[in-house]
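Each chain, letter by letter, is given below.
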Amino acid sequence: MSAKVLFSNMAYAAYDANETLPCKLGRQLAASGLGDKVKDKTVAIKIHVGSEVGYSTIPPVFMRILAQFVKDHGGNCFFTDHYVAARRPEHRGYTQESLGAPVLEASGYLGKYIYTKEVDFKTFKHVDIAGLIHDADFFIDFAHVKGHGCCAYGGAVKNISMGCVSDRTRREQHSLEGGLKWDSSKCTHCEACIGACNHKANTFNDKGDYEVNFHNCTLCQHCLKVCPAGAITLTDSSYLDFQQGLALCTKTVLDTFEPGNRFFINLLINITAMCDCWGMTTPSLVPDIGLMSSWDLMAIEKASLDQIKWEKLINEGVPEGITLGGKGHLFERLHGKDPYAQLTFLEKYGFGRGDYELEMIK
Ligand code: SF4
Ligand code: SF4
């Protein structure tokens, strides 16, 4: 059976605030049934607070409408993320006064308020769930949709798996990244591999060791192919392990809530190449698309990805000198990784098939 995804696009029929996305959010929330579910509950709303000079995280007006809706329906809500104090959310307008609810450190001020669940996937062993999120009665995942260097796509899953956990859990998930191996005994330091990389993803560190930044690496294998010494080879692990880690972490966090006590909202505007954690905003890859909400994680993620079409590419969204790959989703052409892989692993962990039906909310 298909899951319902409420969708409001950017189209407007008149110069009227009611025709714009914030007001459409209000109508989506009213149509979703969320109001009946949050009464007398403590509601954790997971956002990304952004950092530095980034300006593409969720605009405060959307958050204020959501907080007011929850309060109007008898819920007690707060916004939350990790590294809140250090990333100065007030610089992006995220204050209790502007949002109507506090912005709280998910794992406490020292980052130590966590609940640990053990998992067993290669080097990924611990999901330390942020205490405030774990303790909430109800969870709203409010994600800004964009690209991501390590997993191609950053949406609802990434907002949970990287944002609702401790530093240790983020490190263990990142330890799953990979795809390239360097053999120091074969390397002659000719640096042909550095010259062959169009993505500035590889470097030699101070000790002379070859390092790859898998955020930037598209696994194009140019470095491997130009190496005259055969010093760079592919590994057994790949970006797919990282994708599986994200799915496993997401499942573990969401398992602390009843299925009826978790709701997902994806904002599809300012869709940039990289994640908001970079502390910057580059030009959009495609025109703004709109807003989606659903009770079904798989469905909203699949629907969001399906709306981001490479045929709509705005060239300025891609860094100069980068050539896109020739097949697959726009994010795959840009990052060399299949963004739908996250969904394959979500299905493996019991989140269904992602079949969805869009219901337009104007
Ligand atoms: S695989 Fe491609 S993107 Fe990655 S380090 Fe090598 S040349 Fe650079
Ligand atoms: S191309 Fe091969 S031999 Fe040359 S620096 Fe890179 S890894 Fe070393």
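Since this is a predicted model, take the numbers as computed values, not measurements.

A. Structural context of the overall build of the chain. When its secondary structure is counted, the chain shows 13 helices and 16 strands. For 362 residues, the compact-globule estimate of 2.2 N^0.38 gives 21 Å, and the C-alpha radius of gyration of the chain, at 21 Å, lies within 12% of that figure. When burial is assessed residue by residue, the chain has 48% of its 362 residues classed as buried. When contacts within the chain are restricted to residue pairs at least 6 apart in sequence, those whose partners lie at least 24 apart make up 76%.

B. Broad picture of the site of ligand 2. C187, C190, C193, C227 and A231 are the nearest of the 13 residues found near ligand 2. Each residue belonging to the shell around ligand 2 can be placed in one class, and the counts come to 10 nonpolar, 2 polar and 1 charged.

C. Molecular detail of the domain arrangement of the chain. Examined at the domain level, the chain breaks down into domain 1 (3-175 + 239-360) and domain 2 (180-234). Relative placement of domain 1 and domain 2: their C-alpha centres are 33 Å apart. Between domain 1 and domain 2, the contact holds 7 residues from the first and 8 residues from the second. For the side of domain 1 that touches domain 2, the class distribution of residues is 3 nonpolar, 4 polar and no charged.

D. Representation of helix α3 (residues 60-72) within the structure. An ideal rise of 1.5 Å per residue puts 18 Å on 13 residues; α3 measures up with 18 Å between its terminal C-alpha atoms. Following α3 by one or two positions, G74 adopts a phi angle in the positive range, close to 85°.

E. Geometry of the sheet that holds strand β16 (residues 356-360). Strand order in the open sheet formed by 8 strands is β4-β3-β2-β7-β14-β15-β1-β16, with mixed pairing between adjacent strands. Pairing within the sheet leaves two strands with one partner each, and these edge strands are β4 (103-105) and β16. Sheet twist, expressed as the average angle between the axes of neighbouring strands with direction ignored, equals 25°. Alignment of strand β2 (residues 42-46) against strand β7 (residues 138-144), held across 4 bridges, turns out to be parallel. Within the sheet, the bridge partner assigned to V43 lies in β7 and is F138. Helix α11 (residues 297-307) contacts β1 (3-9), β14 (262-268), β15 (290-294) and β16 of the sheet and is inclined by roughly 10° relative to β14.

F. Structural context of the packing of helix α1 (residues 21-32) against α3. Packing of α1 against α3 brings their axes to within 9 Å, and their N-to-C directions diverge by 25°. When the axis of α1 is compared with that of α3, the two are roughly parallel. Relative to α3, α1 is oriented so that their crossing is right-handed. Across the interface between the two elements, P22, L25, G26 and L29 from α1 touch V61, F62, I65, L66 and F69 from α3. Along the lines of polarity and charge, the residues of the contact of α1 with α3 split into 8 nonpolar, 1 polar and no charged.

G. Structural context of the nonpolar core. One finds V43, I45 and L66 to be the most contacted residues of the largest nonpolar core, which totals 101 residues. The biggest single contributor to this core is helix α10 (residues 239-254), with 8 residues. Counting only domains with at least three residues in this core, you end up with domain 1 (3-175 + 239-360) and domain 2 (180-234). Not counting chain neighbours up to four residues away, the residues in contact with V43 comprise V38, V70, G75, N76, C77, A136, F138 and I140.

H. Structural detail: the site of ligand 1. In the vicinity of ligand 1, 13 residues are found, and the nearest of them are C197, C217, C220, H222 and C223. Tallied by class, residues from the shell around ligand 1 come to 8 nonpolar, 5 polar and no charged.

I. How the structure looks around the pairing of strand β3 (residues 76-81). For β2 and β3, the ladder comprises 5 bridges, and the chain directions are parallel. Counted as the bridge partner of A44 is F78 from β3. Each parallel crossover has a hand, and for β2 linked through α3 to β3 it is right-handed. Direction of pairing for β3 relative to β4: parallel, over a ladder of 3 bridges. Its bridge partner lying in β4, F79 is registered against V103.

J. Spotlight on helix α13 (residues 341-348). Along α13, the residues classified as buried are A341, Q342, L343, F345 and L346. Lining the buried residues of α13 we find β9 (152-154), α6 (156-161), α10 and α11. Residue G350 follows α13 closely and has a positive phi angle near 90°.

K. Molecular detail of the environment of C277. With respect to the helices and strands, C277 occurs in the loop between β14 and β15. With 21 C-beta atoms counted inside 10 Å, the residue C277 sits in the buried group. The sequence separation of C277 and E52 amounts to 225 residues, and the corresponding C-alpha distance is 9.2 Å.

Conventions used here
Here, residues in each chain are numbered from 1, in the same order as that chain's written sequence. Chains and ligands are labelled by the order in which they are written, letters from A for the one and numbers from 1 for the other. Only residues with pLDDT of at least 70 get local features here, since the model is predicted, and only at 80 or more are side-chain atom pairs given and counted; chain-wide, interface and lining totals rely on the full set of residues. Numbering of helices and strands runs from the N terminus; a helix is a DSSP stretch of H or I covering at least four residues, while a strand is a stretch of E covering at least two. In this setup the radius of gyration rests on C-alpha atoms only. A globule is expected at 2.2 Å times the number of residues raised to 0.38. Residues with at least 20 neighbouring C-beta atoms inside 10 Å of their own are called buried, those with 12 or fewer are called exposed, and the rest are partly exposed, where every C-beta is derived from the backbone. By the convention adopted here, residues make contact when the C-beta atoms placed from their backbones lie within 7 Å. The C-beta atom of each residue is placed using the backbone, and any residue whose C-beta lies within 6 Å of a molecule or strand is treated as near it. Three classes are used: nonpolar for Ala, Val, Leu, Ile, Met, Phe, Trp, Tyr, Cys and Pro, charged for Asp, Glu, Lys and Arg, and polar for all others, with Gly counted as polar. Boundaries of every domain are those given by an automatic assignment or by a domain database. Working rule for helices: expected span equals 1.5 Å times residues minus one. Strands were regarded as paired on the criterion that DSSP finds at least two bridges between them. Only the stretch in contact is used when a helix axis is fitted, and all axes are lines through C-alpha atoms; the angle between N-to-C directions ranges over 0 to 180 degrees. Small angles under 35 degrees read as roughly parallel and large ones over 145 as roughly antiparallel, with 65 to 115 read as roughly perpendicular and the rest as oblique. Left-handed is the label given to a crossing in which the near helix is rotated counterclockwise from the far helix by less than a right angle, and right-handed is the label when the rotation is clockwise. Buried Ala, Val, Leu, Ile, Met, Phe, Trp, Tyr and Cys residues form a nonpolar core when they are connected through C-beta atoms within 7 Å. Here the term right-handed applies to a crossover when the path leading from its first strand over the helix to its second strand runs clockwise, the strands being oriented away from the viewer.

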